[in-house]
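Understanding the architecture of this molecule
Spelled out, the chains give:
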Amino acid sequence: MSVPAIEMLDITKIFPGVVANNRVTFTVEQAEIHALLGENGAGKSTLMSILFGLYEPDGGIIKVRGRETRIRNPNDATALKIGMVHQHFKLVRNFTVTENIVLGLEPRNSLGNLDLRSAEKRVKALSEAYGLAVDPRSRIEDITVGMQQRVEILKILYRDADILIFDEPTAVLTPQEIDELLAIFRRLKAEGKTIVFITHKLKEIKAAADRCTVLRRGKGVATVKVTQVDERELAEMMVGRAVNFRIEKAPAKPGDLVLKIEDLVVLGSQGTPAVNGLSLEVRAGEVVGIAGVDGNGQSELTAAIAGLLPALSGRVFLKGRDISRESIRSRNREGVGMVPEDRHKHGLILDFRIDENLILKNYWESPYSSPFGFLRFPVILRHAEDLIREFDIRSGSGAATPAHAMSGGNQQKVVIAREIDLSPELLIVAQPTRGLDVGAIEYIHRRIIEERDKGRAVLLVSFELDEILGLCDRIAALSKGQVVGVLPAEEADERRIGAMMGGVHA
Ligand SMILES: Nc1ncnc2c1ncn2[C@@H]1O[C@H](COP(=O)(O)OP(=O)(O)OP(=O)(O)O)[C@@H](O)[C@H]1O
Ligand SMILES: [Mg+2]
């Protein structure tokens, strides 16, 4: 047998208040696809960041292709032909695809000038060789998330990486893009590349990985051959108990009309209507889902209801009141809550602590502020501690942890905890379980149903059809900024919804 591509032996990494990796051993063979699985905060990103030279371990050794090495920074990793695609992409938005790929390694001509032509040629050759379709001259801000990810992959291939690390690459992708990415993994493997990928989706592990290593609370639990385990066993290994994949709920009892959208038109970033004459109603006590392929207006729709984007025309009513021209804060106050799809951009202030992030929408009110406008820190802290317990939010220093020092899934739990705690009349949840582990998803789904049963109106946007079918009482299919049709959950299945998403009327 050839030497392993990677051997991480007895790796320990300590952050304030938490042992993120506790003597973890992780071995990856050459030309294998190896999945890394574990609960939110289990230490997956930390372990991979160590391999990529972003953190130095406090203990343990790393061997690359059989040779013991120290990886002090990402340049060392690159020299060892290790590349990483991060959970949150690191591209320059107003640069082109090619400019991003060659950044730091710009080819020069004989006069020493930047030679983008030859770079474009090489990018084109690489993209054809691996089936990574991109337009070399587009700007990052104008392309889809799926294409941005292909740019990230090309960027590491351009640097000749043959060990490729992906941190939750499928969290932001649509089901079709996921299939494409897994096909790319297989092609890379056939070329002799080694792939490590982190995911919370057990289906993907079964579909693409050869082996899987499971971490729990900083420790390595097991490494298994994927063909020898099923999804339930994987879930149990990672959370340490059986996980219920079915969402238990009683039939909805819809009440008064809470949200009414009439002929809404909202412009997208291109300046053309992304929401184009959309009408929709959500009643108290029901969950209405929006199913649609990414880019059909779902982001602009939720942004317009919450007040983040203006409505060009049409109206949004909350309990009969037209709120379409109101400020974000007054909409919040009247009962609009939202878990936004981009937690970093619209959900959190990354430099603030957890307790501060948990009162962003009402810190000026009682009981968090005194009548004289002073913050009441003990109350704020207690509030945070309650929610941390309730939502099982894990971090090193409890309520005092800054959001940027939390794992991705735990950041998501903070946003969800804040919005559910406010118990708004209308709760908009966009991709609520993105980045959450199966145990956390089970809990969040239950809480969303509880909100429904308390008489709240819930609008769910998700790319996960399973989630839509499992949670919703009615499902609206969105295509080109319009509702193509609305189906009661009993009549919906994957095939019918899929056809409607493609624009076929039910
Ligand atoms: N820069 C940091 N400073 C302090 N603590 C950190 C830092 N990065 C991670 N941690 C802590 O280390 C632990 C492991 O975090 P890590 O990001 O590796 O988890 P993860 O397995 O990737 O989780 P997720 O699935 O939610 O992304 C967590 O408790 C986290 O709070
Ligand atoms: Mg992570």
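If you're wondering where the values come from, they're calculated on a predicted model, not measured in any experiment.

Near ligand 1 lie 23 residues; those nearest to it are Gly 41, Lys 44, Thr 46, Ser 407 and Gly 409. One of the backbone nitrogen or oxygen atoms of Gly 43 is found 2.9 Å away from an oxygen atom of ligand 1. Between ligand 1 and Ser 45, the relevant distance is 2.8 Å, taken from an oxygen atom to a side-chain nitrogen or oxygen of the residue. Protein contact buries 89% of the 640 Å² of open area that ligand 1 shows by itself. Where the shell around ligand 1 is concerned, the elements lending two or more residues are strand S2 (18-28), helix H1 (44-51) and helix H14 (408-422). For the shell around ligand 1, the per-class residue count stands at seven nonpolar, 13 polar and three charged.

Let us now look at the sheet that holds strand S4 (residues 59-64). The strand order S2-S1-S4-S5 describes an open sheet built from four strands, whose pairing is antiparallel. Because the sheet does not close on itself, it has two edges, and the strands there are S2 and strand S5 (67-69). For this sheet the average axis-to-axis angle between neighbouring strands, irrespective of direction, equals 30 degrees. H1 contacts strand S1 (6-15), S2 and S4 of the sheet and is inclined by roughly 115 degrees relative to S1.

Glancing now at the nonpolar core. Grouped together as the largest cluster of nonpolar side chains are 51 residues, with contacts concentrated most on Ile 205, Cys 212 and Leu 234. Ranked by residues supplied to this core, first place goes to helix H5 (residues 145-158) with seven residues. Leaving out residues up to four positions away in the same chain, Leu 234 has contacts with Leu 37, Leu 202, Ile 205, Cys 212, Val 224 and Val 229. Core analysis: the second largest hydrophobic core is formed by 40 residues, Leu 348, Leu 358, Ala 384 and Phe 391 among them.

Right, let's get into the domain arrangement of the protein chain. Taken domain by domain, the protein chain holds domain 1 (6-239) and domain 2 (257-501). Opposite the 23 residues of domain 1 that make contact, domain 2 presents 23 residues. Across the domain 1/domain 2 interface, buried area totals approximately 1,700 Å², and carbon plus sulfur atoms make up 48% of it. The largest per-residue losses of area from domain 1 upon contact with domain 2 belong to Asn 40, His 88 and Thr 174, which jointly make up 30% of the total buried on that side. At the junction of domain 1 with domain 2, the criterion picks out three salt bridges. In this structure, Glu 464 and Lys 201 form a salt bridge, with 3.2 Å as the shortest nitrogen-oxygen distance. Where domain 1 packs against domain 2, one counts nine residue pairs in polar contact (both at pLDDT 80 or more). The element contributing the most residues to the side of domain 1 that touches domain 2 is helix H8 (residues 231-239), with three residues.

Further remarks concern a nonpolar patch on the surface. Judged by side-chain polarity, Tyr 363, Leu 375 and Phe 377 come together as a nonpolar surface patch covering roughly 310 Å² of accessible area. Mapped onto the secondary structure, Phe 377 falls in helix H13 (residues 377-390).

With that out of the way, let us pick up the pattern of salt bridges. In this structure the tally under the stated criterion is 32 salt bridges. The partner of Glu 120 in a salt bridge is Arg 137, and the shortest N-O contact between them spans 3.0 Å. Placement of Glu 120 in helix H4 (residues 116-130) and of Arg 137 in the loop between H4 and H5 is noted, with a sequence separation of 17 residues between them. One salt bridge in this structure joins Glu 326 and Arg 321, with 2.3 Å as the shortest N-O distance. The exposure class of Arg 321 is partly exposed, given its relative accessible area of 43%. When salt bridges with common partners are traced through the structure, they connect Glu 39, Asp 392 and Arg 394 into a single cluster.

Calculation rules
Residues numbered from 1 in each chain as written. Chains lettered and ligands numbered in written order. Predicted model: local features only at pLDDT ≥ 70, side-chain atom pairs only at ≥ 80, totals over all residues. Heavy atoms only, no water. Near = heavy atom within 4 Å. Polar contact = N/O pair within 3.5 Å; in protein donor to acceptor, adjacent residues only side chain to side chain. Areas by Shrake-Rupley, 256 points an atom, 1.4 Å probe, with all protein chains shown as cover. Helix = DSSP H or I, 4+ residues; strand = E, 2+ residues; numbered from the N terminus. Nonpolar A, V, L, I, M, F, W, Y, C, P; charged D, E, K, R; others polar. Pairing = 2+ DSSP bridges. Axes fitted to C-alpha atoms, helices over the stretch in contact; angles between N-to-C directions. Contact = heavy atoms within 4.5 Å. Core = buried A, V, L, I, M, F, W, Y, C linked by side-chain atoms within 4.5 Å. Buried < 20%, exposed > 50% of the residue type's maximum accessible area, 1.4 Å probe, protein only. Domains from an automatic or database assignment. Buried area = accessible area lost by both parts, 1.4 Å probe. Salt bridge = Lys/Arg side-chain N within 4 Å of Asp/Glu carboxyl O. Patch = residues over 30% accessible without salt bridge, like charges linked within 9 Å, V, L, I, M, F, W, Y side chains within 5 Å.

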